[in-house]
Amino acid sequence: MKISPRNRGQRFEQMVDLANHTYRLKRIAHVRKTFPESKIQRDKKGTIQKHWFERSGGLDYMGTVDGRFIAFDAKSTRKNYLSVDKVSDEQYTELRRVLDFGGMSFLLVHFELHSETYLLEAEDALRWRNSTERKSIPIEWFRERPSHRVYSRNGLILDYLDPIQEELAFKSTKSHTSED
């Protein structure tokens with residue numbers, strides 16, 4: 001059975017959703033999936049004739065961790081690389097905006113053929129996008145950064161916060177000490 005390109009990332013998003021649910025239950029983070037804007041077309045009597053979703057353009061997930069705003073998108077690929085075109089211009093803009101306003105933004109990248117998931121920080125994603133040399137990020141580049149690998153642990157199917165815990169702790173400590 002052939003899986004349509006549209007549904008390929010659905011399993012990965014379900015894993016992210018389950019991780020978010022577990023984070024919420026453990027009171028570690030509150031992260032929710034965002035949804036695209038819904039549009040309807042009605043006839044003269046007001047009956048709904050057509051319903052569709054507009055392209056979101058934003059990031060798939062938003063929430064807070066220890067008082068810090070995070071936003072990210074989940075990308076899945078069946079290749080040995082992530083094409084920078086798999087992220088829309090609007091998503092790159094959102095990654096940058098979140099950083100500019102003091103939040104944390106990133107991509108979760110799942111390589112289906114290898115069952116490997118990595119956290120790609122916004123700065124790195126933006127650097128790759130602006131690169132004139134390559135328009136894809138090879139899996140080897142991710143593997144050279146083992147600290148950004150996302151594993152199943154601590155009762156979480158994807159503990160995606162683990163690779164950024166130090167940064168979250170540093171920012172949290174820094175914000176608490178600046179208030180004193």
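In this report, the structure presented in the accompanying data block is examined. (Residues numbered from 1 in each chain as written. Predicted model: local features only at pLDDT ≥ 70, side-chain atom pairs only at ≥ 80, totals over all residues. Heavy atoms only, no water.)

### What to know about the overall build of the chain
Next, step 1: Helix and strand counts for the chain come out as five helices and 10 strands.
Next, step 2: A total of 180 residues make up the chain; the buried ones form 39% of that total.
Next, step 3: Looking at the chain alone, contacts between residues at least 24 apart form 62% of all its contacts between residues at least 6 apart.
Next, step 4: When the accessible area of the chain is evaluated, it comes to approximately 11300 Å², of which 48% is carbon and sulfur surface. (Helix = DSSP H or I, 4+ residues; strand = E, 2+ residues; numbered from the N terminus. Buried < 20%, exposed > 50% of the residue type's maximum accessible area, 1.4 Å probe, protein only. Contact = heavy atoms within 4.5 Å. Areas by Shrake-Rupley, 256 points an atom, 1.4 Å probe, with all protein chains shown as cover.)

### Thoughts on the packing of aromatic side chains
Next, step 1: Applying the stated criterion to the full structure yields 10 aromatic pairs.
Next, step 2: Considering the side-chain rings of Phe-72 and Phe-106, the 4.8 Å spacing of their centres and the 10 degrees angle between planes classify their relative orientation as stacked. Here Phe-72 is found in strand S5 (residues 68–77), whereas its partner Phe-106 is found in strand S7 (residues 104–111), with 34 residues between them in sequence. Take Phe-72 and Phe-106: they sit in the same class, and that class is buried.
Next, step 3: Ring centres 5.6 Å apart and planes at 85 degrees place the aromatic pair Trp-128 and Trp-141 in the edge-to-face group. Of this pair, Trp-128 sits in helix H3 (residues 122–129) while Trp-141 is found in helix H4 (residues 139–143), placing the two residues 13 residues apart along the sequence. (Phe/Tyr/Trp six-rings, centres within 6.5 Å; stacked < 30°, edge-to-face > 60°.)

### Some words on the sheet that holds strand S1 (residues 29–33)
Strands in a sheet are paired, the pairing made by backbone hydrogen bonds, and the direction either parallel or antiparallel.
Next, step 1: The strand order across the open sheet built from six strands is S1-S4-S5-S7-S8-S10, with neighbouring strands paired in mixed fashion. Each edge of the open sheet is held by one strand with a lone partner, namely S1 and strand S10 (149–150).
Next, step 2: In this sheet, S10 lies alongside strand S8 (residues 116–121) in antiparallel orientation, the contact comprising two bridges. Bridged to Tyr-118 within S10 is Arg-149.
Next, step 3: This element, helix H2 (residues 89–100), spans S5 and S7 of the sheet and lies at about 140 degrees to S7.
Next, step 4: Along the sheet, H3 makes contact with S7 and S8, crossing S8 at roughly 85 degrees. (Pairing = 2+ DSSP bridges. Axes fitted to C-alpha atoms, helices over the stretch in contact; angles between N-to-C directions.)

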